Amino acid sequence: MFRKSACVLLAVFLLCGCAPEAAVSSVPAATSAPAPSPSEPPRSEALTLLMDGNQHWNMRNTDSGYYDIAIRPDGSQLLYYTDFEQLTQAPLCSSAGCDHRSPDCTARTTASALFVYQEHLYQFQIPVDSPPFLERVDLNGTDRQALLCLSPGEEFVPGGVAAAGNALFFATAETGPGESSLNPTSKINRLDLDSGAVEVIQSREQVNQFIVGVVDDKLVIKRFEIDPATKAPLMPEFLLMDQDGGEQPVELPAFVTARTWIFPEGARLLLVDDTEGAILELDLRTGQTRTVLTHPFLTEHPGATLIVAASEDNLILNVGADYYLCTGGEIKESAHCYYSGARPCNRILARVGEDYLVCRDIDSCPKALAFISAPDYWQDADSDVPIINE
């Protein structure tokens, strides 16, 4: 589920240099935002995580529905909307009899990722024959606006978006001609959604970095290099970054190595210590650790036990092709997989009241979705309320 890192030279992007589809309206080129004065206090508005850098979760729902992308057999993509009250999903198109193949159809998309914020849908569009651009769309799929467009050879890093008020924070990466894309120039950017002004609040060369969470008014950044010889990630760093790019390193426990699985979730990191057979929680506010789970199972697959979902002390682990539920200190094999596989999928898409909206088949078009109560989910119960395809 990891996607290729992407890049943007934000000082020179021009909307007129991007060739979005006909449904996208033209907007003036964005301008660079002035850097804050050193004497000014750091921006401190509370942040909301819209998409985590590990691609485990996106903010794709409103109070009444959920937005998703499905891939058709011919490779084209459609936006789907799930209505929570009606328990139905359908292409995001209101035209009767539309086959959703016209460039003007509001359900068509080339997006690599999407999220919902302030009553709008945002998409990282990746057209085949023009540079990527960030698009803002009304929730009914109309009134498309390209907010910024990237230069040729640049891409968004779709994993990792946060917002504070009218500011959107996102990661990009830049690879020059002849340079390896393994360790690009990586940037953390701030976009003013009102003015279109963009500010690069932090830039690092020869490194990968992602926004993987938020803690109050700070971004949680994961940063690492990839070994060119082995293509394996080297020892990661985690940092708390203020909204002007100031950094505060996170001190990781002594047992952590480049092979340690670290799962960011909320204001904590979950770490697998397969030597001691434990999963620990590192509180990013206090720096304190506590043991979430100890079990001999965790010592049996060193370096191969991955956390793919978490809610409080409930976890889903992935080992090879198998998935395991961890609840109440016990580990049992799941009847589901979390992504694609031979078993029904069990990926959590959204929390809706006391229920989860889950995906049961991630590869179909449209995807097979259902509601299940949170307690039933963590017991692997068969109590789905299926979403009907229209």
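Calculation rules
Residues numbered from 1 in each chain as written. Predicted model: local features only at pLDDT ≥ 70, side-chain atom pairs only at ≥ 80, totals over all residues. Heavy atoms only, no water. Core = buried A, V, L, I, M, F, W, Y, C linked by side-chain atoms within 4.5 Å. Buried < 20%, exposed > 50% of the residue type's maximum accessible area, 1.4 Å probe, protein only. Helix = DSSP H or I, 4+ residues; strand = E, 2+ residues; numbered from the N terminus. Contact = heavy atoms within 4.5 Å. Polar contact = N/O pair within 3.5 Å; in protein donor to acceptor, adjacent residues only side chain to side chain. Phe/Tyr/Trp six-rings, centres within 6.5 Å; stacked < 30°, edge-to-face > 60°. Salt bridge = Lys/Arg side-chain N within 4 Å of Asp/Glu carboxyl O.

K.L.:
Just to check I follow, could you spell out the nonpolar core for this structure?
P.N.:
Taken as a class, soluble globular proteins show a tendency for nonpolar side chains to be buried jointly. Judged by nonpolar contacts, the single largest core of 34 residues is most densely connected at Phe 169, Ile 188, Leu 219, Leu 252 and Leu 269. Listing elements by their share of this core, those giving two or more residues are strand 11 (154-164), strand 12 (167-174), strand 15 (208-215), strand 16 (218-224), strand 17 (237-241) and strand 20 (268-273). The residues touching Ile 188, leaving out its near neighbours within four places in the chain, are Phe 170, Ala 171, Glu 199, Val 200, Ile 201, Gln 202, Gln 209, Ile 211, Leu 219, Ile 221 and Met 241.

K.L.:
How should I be thinking about the side chain of Arg 144 in this particular structure?
P.N.:
Relative to the helices and strands, Arg 144 resides in strand 10 (residues 144-149). Side-chain polar atoms of Arg 144 contact the backbone oxygen of Thr 106, separated by 2.8 Å. Within the structure, Arg 144 has its side chain in polar contact with the backbone oxygen of Arg 108 (distance 3.0 Å).

K.L.:
What am I meant to see in the packing of aromatic side chains here?
P.N.:
Within a pair of aromatic rings, the relevant descriptors are the distance that separates the centres and the angle that separates the planes. For the coordinates displayed, the defined rule picks out 10 aromatic pairs. Ring plane angle 20° and centroid distance 5.8 Å describe the contact between Phe 210 and Phe 224, whose orientation is recorded as stacked. In this pair, Phe 210 is assigned in strand 15 and Phe 224 in strand 16, connecting sequence segments 14 residues apart. A relative accessible area of 13% places Phe 224 in the buried class. Taken together, a centroid distance of 5.1 Å and an interplanar angle of 80° make the contact between Tyr 377 and Trp 378 edge-to-face. Neither residue differs from the other here; Tyr 377 and Trp 378 are each classed as buried. Among the aromatic residues, those joined into a ring-pair cluster are Phe 115, Tyr 122, Phe 124, Phe 156 and Phe 170.

K.L.:
Looking at this model, I keep getting lost on unusual backbone geometry. Mind explaining?
P.N.:
Excluding glycine, residues mostly carry a negative phi; peptide bonds, for their part, are mostly trans. Here the amide bond leading from Cys 365 into Pro 366 is cis, since omega sits at 0°, within 30 degrees of zero. Tracing the sequence through the fold places Pro 366 in the loop between strand 28 (355-361) and strand 29 (368-373). Backbone geometry at Asp 143 places phi at a positive 55°, although glycine is not the residue there. On the secondary structure map, Asp 143 appears in the loop between strand 9 (133-138) and strand 10. Its relative accessible area of 46% is what places Asp 143 among the partly exposed residues. A positive phi angle is found at Asp 216, which is not glycine, with a value near 60°. Mapped onto the elements of the fold, Asp 216 is located in the loop between strand 15 and strand 16.

K.L.:
Teacher, can you tell me more about the pattern of salt bridges here?
P.N.:
Here the idea is simple: oppositely charged side chains can pair when their charged atoms come close. Counted under the stated rule, the structure contains 19 salt bridges. Residues Lys 218 and Asp 217 are paired through a salt bridge, measuring 3.2 Å at the closest nitrogen-oxygen approach. What makes Lys 218 partly exposed here is its relative accessible area of 26%. A salt bridge links Arg 343 to Asp 322, with the shortest nitrogen-to-oxygen separation between them at 3.7 Å. Residue Arg 343 is found in the loop between strand 26 (330-333) and strand 27 (347-352), and its partner Asp 322 is found in strand 25 (residues 322-327); the two are separated by 21 residues along the sequence. Arg 343 gets classed as partly exposed once you look at its relative accessible area, which sits at 30%. Where salt bridges share partners, they join Glu 265, Arg 268, Glu 281, Arg 290 and Asp 313 into one cluster.

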